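Working through the structure, step by step
Spelled out from the first residue to the last, the chains are:
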Amino acid sequence: MPRFSVIITSHNQREFIKEAVDSALSLCHKPAEIIVVDDGSRDGSPDILRQYGDAIRLVCLEENQGASAAINQGVRQATGDYLVFLDG
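The rules we used
Residues numbered from 1 in each chain as written. Predicted model: local features only at pLDDT ≥ 70, side-chain atom pairs only at ≥ 80, totals over all residues. Heavy atoms only, no water. Core = buried A, V, L, I, M, F, W, Y, C linked by side-chain atoms within 4.5 Å. Buried < 20%, exposed > 50% of the residue type's maximum accessible area, 1.4 Å probe, protein only. Helix = DSSP H or I, 4+ residues; strand = E, 2+ residues; numbered from the N terminus. Contact = heavy atoms within 4.5 Å. Polar contact = N/O pair within 3.5 Å; in protein donor to acceptor, adjacent residues only side chain to side chain. Salt bridge = Lys/Arg side-chain N within 4 Å of Asp/Glu carboxyl O.

Let us now look at the nonpolar core. In terms of nonpolar packing, the biggest core is built from 11 residues, these being Val6, Ile8, Ile17, Val21, Ala24, Ile34, Val36, Ile48, Leu49, Tyr52 and Ile56. Elements that contribute at least two residues to this core include exactly strand S1 (4-10), helix H1 (17-25), strand S2 (33-39) and helix H2 (45-50). If you tally residues by element for this core, the top one is H1, at three residues. For Ile17, the contacting residues outside a window of four places in its chain are Ile8, Ser10, Val36, Ile48, Leu49 and Gly88. Formed by seven residues, the second largest nonpolar core is a distinct cluster that contains Ile7, Ile35, Val59 and Ala70.

Turning our attention to the environment of Asn64. Inspection of the secondary structure assignment puts Asn64 in the loop between strand S3 (57-61) and helix H3 (67-77). Taking the C-alpha atoms as reference points, Asn64 and Gly40, separated by 24 residues in sequence, lie 4.3 Å from one another. Filtering out sequence-adjacent residues up to four positions away, Asn64 remains in contact with His11, Asp39 and Gly40. Engagement of the side chain of Asn64 in a polar contact is seen with the side chain of His11, the distance being 3.0 Å. Polar contacts involving the side chain of Asn64 include one to the side chain of Asp39, which spans 3.1 Å.

Between side chains of opposite charge, a pair can form when the charged atoms approach closely. Scanning the entire structure with this criterion turns up four salt bridges. Among the ionic pairs, Arg42 bridges to Glu63, the shortest N-O distance being 3.5 Å. Taken as a pair, Arg42 in the loop between S2 and H2 and Glu63 in the loop between S3 and H3 lie far apart in primary sequence, 21 residues in all. Here Arg42 falls in the exposed class, since its relative accessible area comes to 60%. For Glu63, a relative accessible area of 52% translates into the label exposed.

So, in structure tokens, the structure goes:
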């Protein structure tokens, strides 16, 4: 069975990030991993994401580097056969 890596990128998405992560966690076909790349958020989003513990792999960029850099960081972390992208 193929393994999927779900990569979620987020910058200051406090109001929406929980819904995005919960959606990925509820998939019928469980992904190999869920990687969330926080792109230097300053709105408390990382605190929400840390509450997921080992259910996700959290990567926090210290400074906002833009969507492309966040996606690329997620791709570098991924181990699945297929990549699925989701915006926060």
